[in-house]
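Fold and geometry: a report
One-letter residues, chain by chain:
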Amino acid sequence: MSEIIRIGTRDSELALWQAKTVQQQLENLGYKTELVPVKSTGDLVLDKPLYELGITGIFTRTLDIAMLNEDIDIAVHSLKDVPTILPKGIIQAAVIKRGNINDTLVFKNNEEFLSQKEAIIATGSLRRRAQWLNRFPTHTIVDLRGNVNSRMQKLKDNDDWNGAIFAAAGLGRIGIRPEEAINLDWMIPAPAQGAVMITALKENEYAVNACAELNDEETEICTTIEREFLNRLEGGCTAPIGALAKIKNEEVSFKGVLLSRDGSKKIEVTRVEKLGSHHTIAKFCADYVIERGGKRLMDELLRSEKQTMVYSTKTLTEDQRHLLNHKISVKSADFIKVSINRIPKTILKSNLKNIIITSKNAVESLITNFTAEELQFNSIYCVGRRTKKLIEQKIGSVTHSENNAKNLANYLVDYIEGTEVTYFCSNLRLDELPQILEENNITVNEVEAYQTVYSSIKVDESTEGVMFYSPSTVESYISQNKPKKIAFCIGETTAKEAKKHFKDVRTAKVPTIESVIELVNEYYV
């Protein structure tokens, strides 16, 4: 067994715990493994749009892309987060033995509030919210987002909250379940709650066969029933649905529930079948719920589902729009317009060295003005992975690249050969890069390769977040709009400009449009 199985995982504490558990089990069987924490989608190099491949899950999308790009061999997920239909080419390779299936109430001081009319409970789950309000209709539910650790901290920080609801498995796995906690046995869990799933590419026989040795058949049977029940009810809408299947004494027992968002309406179903005759149990139970008002309730949920409005200051393609989760409604327009300048042929006669290019627009200008034979530069330095990719496709190799202009300037100060650079830029370029170089006695010859013109429009007041891709898009937006929204920025330089105006500024992990979209999805989960 010499082949190394690369295990992809998100980088949260809980996700790493799950991945390490799978890693240990594989290594106990003699397989060699490597953990690969995947932070962001980064550059998408797939040859098909994501929606055609069926990539939809907020928490699983990054790992799906990494797998299809063959950066990892298997991925480890909380099964309850995985869409019921997997992307093309990816299969469920195994589910390991299930952990605690319960929801847990973590409370402060004591449990007296459970018998009181007024109480404040925190949860970001529609299912938990609806079931709690069905049982305690006079209580107030507040939204709670983030990973397990940050949610626990928010509970501590909010003095008026009485408690918050967590998955018992998550608390137990990372060892932070407090004494002030009780399992909610009456609350039907999310389908596949407490289970860990391993996915792999169908064509990767080595990884598929290795994972098959970890598969727990009882967990697989139960979670498959629960997820089929969810799939048959869901109808493309996020709904308060609970499902739990158990096996005991050669019988499969199932209970499911569908509720309205406020918990005032509830449709429950239970069913018991002999093991081996259980294959229709999910269909029977879903049909039972649908026939008893479930379809009408699902239609109401679909109509009432909140749409978060965000605005992109760059026109998004259809493929990019499909990356946004279904809760988000997006409008987009180009807040800056670019026109390519005519560059005199004499610019290239001096055998230029140390070329600086900080945007794809500058690349487009160069290839528009000159032939490939004319663009024989020595030492090209650039900003951004996509700019680098375009340069290498159209002009030649890149000596060095950085994620932002400041980092590139600092690199050049230390490593440049010579004391002169030629900077192909916009009329609205930032001062930072040339300023740093000139302060360190490096001459900057600027060539205005293109014109950037503001083309801002007034954005609707219902907009909650704005997506920015350059400092110029921030400046253009501010010229017509008040900075009352959340700013989602492509990189540190853009974020720096946004922070001059916006109180809440968030920065993508990788400077790509897709990474900004991922940032939006993570916030509006």
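Further up the page is the structure itself.
Anyway, here's the lowdown on the structure attached to this text. This one's a predicted model, so the numbers in the text were calculated from it and none came from an experiment.

Some details on the overall build of the protein chain
Looking only at helices and strands, the protein chain has 17 helices and 24 strands in total. The C-alpha extent of the protein chain, read off along each of the three principal axes, is 85 × 55 × 40 Å. The proportion of buried residues among the 525 residues of the protein chain is 51%. A separation of at least 24 residues holds for 65% of the contacts in the protein chain among residues at least 6 apart in sequence. Separation of charge centres in the protein chain, based on 67 positive and 71 negative side chains, amounts to 5 Å.

Looking at the layout of surface pockets
Of the pockets and cavities examined, the second largest pocket occupies roughly 1,100 Å³. Taken together, 43 residues line the second largest pocket, and the ones lying closest to its centre are Thr358, Ser359, Lys360, Tyr469 and Ser470. Listed by contribution, the elements that provide at least two residues to the lining of the second largest pocket are strand E16 (336–340), helix H11 (360–369), helix H12 (385–394), strand E20 (420–426), helix H14 (432–439), strand E21 (443–454), helix H15 (471–478) and helix H16 (492–498). Considered class by class, the residues forming the lining of the second largest pocket number 16 nonpolar, 17 polar and ten charged.

With respect to the sheet that holds strand E12 (residues 251–259)
Taken in spatial order, the three strands make up an open sheet running E11-E12-E13, and their pairing is antiparallel. Only two strands of the sheet have a single neighbouring strand rather than two, namely strand E11 (241–248) and strand E13 (266–274). Neighbouring strand axes in the sheet, compared pairwise and without regard to direction, differ in orientation by 10° on average. Bridge count for E12 against E13 is nine bridges, and the pairing is antiparallel. The partner of Ser253 across the bridge, within E13, is Val272. Along the sheet, helix H4 (residues 126–135) contacts E11, E12 and E13; its crossing angle with E12, the most-contacted strand, is approximately 85°. Running at roughly 150° to E11, helix H8 (residues 217–234) makes contact with E11, E12 and E13 of the sheet.

Comments concerning the environment of Arg232
Counting through the fold element by element, Arg232 comes out in helix H8. For the pair Arg232 and Lys314, spaced 82 residues apart in the sequence, the C-alpha separation amounts to 37 Å. Residues contacting Arg232, with those up to four places away along its chain left out, are Ala282, Lys283, Ala286 and Ile290. Among the polar contacts made by the side chain of Arg232, one reaches the side chain of Glu228 at a distance of 2.9 Å.

Section: the packing of H11 against H12
Two elements in contact, H11 and H12, have axes whose closest approach is 9 Å; the angle formed by their N-to-C orientations is 15°. With respect to H12, the element H11 is oriented roughly parallel. In this structure, H11 crosses over H12, and the sense of that crossing is left-handed. Listed contacts from H12 to Lys360, Val363, Glu364 and Ile367 of H11 are Arg386, Thr387, Leu390, Ile391 and Lys394.

Some thoughts on empty space enclosed by the protein
Scanning the model with the defined rule gives five cavities of 30 Å³ or more in all. In this model, the largest cavity occupies a volume close to 60 Å³. Surrounding the largest cavity, Lys458, Val459, Asp460, Glu461, Tyr477, Asn481, Lys482, Lys484 and Lys485 form its lining. Among the residues forming the lining of the largest cavity, the class breakdown is two nonpolar, one polar and six charged.

As for the nonpolar core
Of all hydrophobic cores here, the largest spans 24 residues; its most connected members are Ile225, Phe229, Ile241, Phe254, Leu258 and Val289. It is helix H9 (residues 281–304) that contributes the most residues to this core, eight residues altogether. Among all residues touching Ile241, those that are not within four sequence positions of it are Arg127, Ala190, Pro191, Phe229, Leu230, Leu233, Glu234, Val257 and Leu258.

Some remarks on the side chain of Asn369
As for its position among the elements, Asn369 is in helix H11. A polar atom in the side chain of Asn369 sits 2.8 Å from the backbone nitrogen of Ile343. Not counting chain neighbours up to four residues away, the residues in contact with Asn369 comprise Ile340, Asn341, Arg342, Ile343, Lys345 and Glu374.

Looking at the sheet that holds strand E4 (residues 90–96)
Overall, mixed pairing links the five strands, which are arranged E2-E1-E3-E10-E4 in an open sheet. Strands with a single pairing partner mark the edges of an open sheet, and in this sheet they are strand E2 (32–37) and E4. Within the sheet, the average angular offset between the axes of one strand and its neighbour, ignoring direction, is 30°. Relative to E2, strand E1 (residues 4–9) is paired through six bridges, and the arrangement is parallel. Across the sheet, residue Ile5 finds its bridge partner in E2, namely Thr33. The strands touched by helix H7 (residues 205–212) within the sheet are E1, strand E3 (74–78), E4 and strand E10 (196–201), with E4 carrying the most contacts at an inclination of about 25°.

Definitions and cut-offs
- Residues numbered from 1 in each chain as written.
- Predicted model: local features only at pLDDT ≥ 70, side-chain atom pairs only at ≥ 80, totals over all residues.
- Heavy atoms only, no water.
- Helix = DSSP H or I, 4+ residues; strand = E, 2+ residues; numbered from the N terminus.
- Buried < 20%, exposed > 50% of the residue type's maximum accessible area, 1.4 Å probe, protein only.
- Contact = heavy atoms within 4.5 Å.
- Lys, Arg positive; Asp, Glu negative; His and termini not counted.
- Charge placed at Lys NZ, Arg CZ, Asp CG, Glu CD.
- 1 Å grid on protein atoms, 1.4 Å probe; cavity = no way out; pocket = protein on both sides within 12 Å on 5 of 7 lines; lining within 4 Å.
- Points joined across faces, edges and corners; volume = space filled by probe spheres on them.
- Nonpolar A, V, L, I, M, F, W, Y, C, P; charged D, E, K, R; others polar.
- Pairing = 2+ DSSP bridges.
- Axes fitted to C-alpha atoms, helices over the stretch in contact; angles between N-to-C directions.
- Polar contact = N/O pair within 3.5 Å; in protein donor to acceptor, adjacent residues only side chain to side chain.
- Parallel < 35°, antiparallel > 145°, perpendicular 65-115°, else oblique.
- Left-handed = near helix turned anticlockwise from the far one by under 90°.
- Core = buried A, V, L, I, M, F, W, Y, C linked by side-chain atoms within 4.5 Å.

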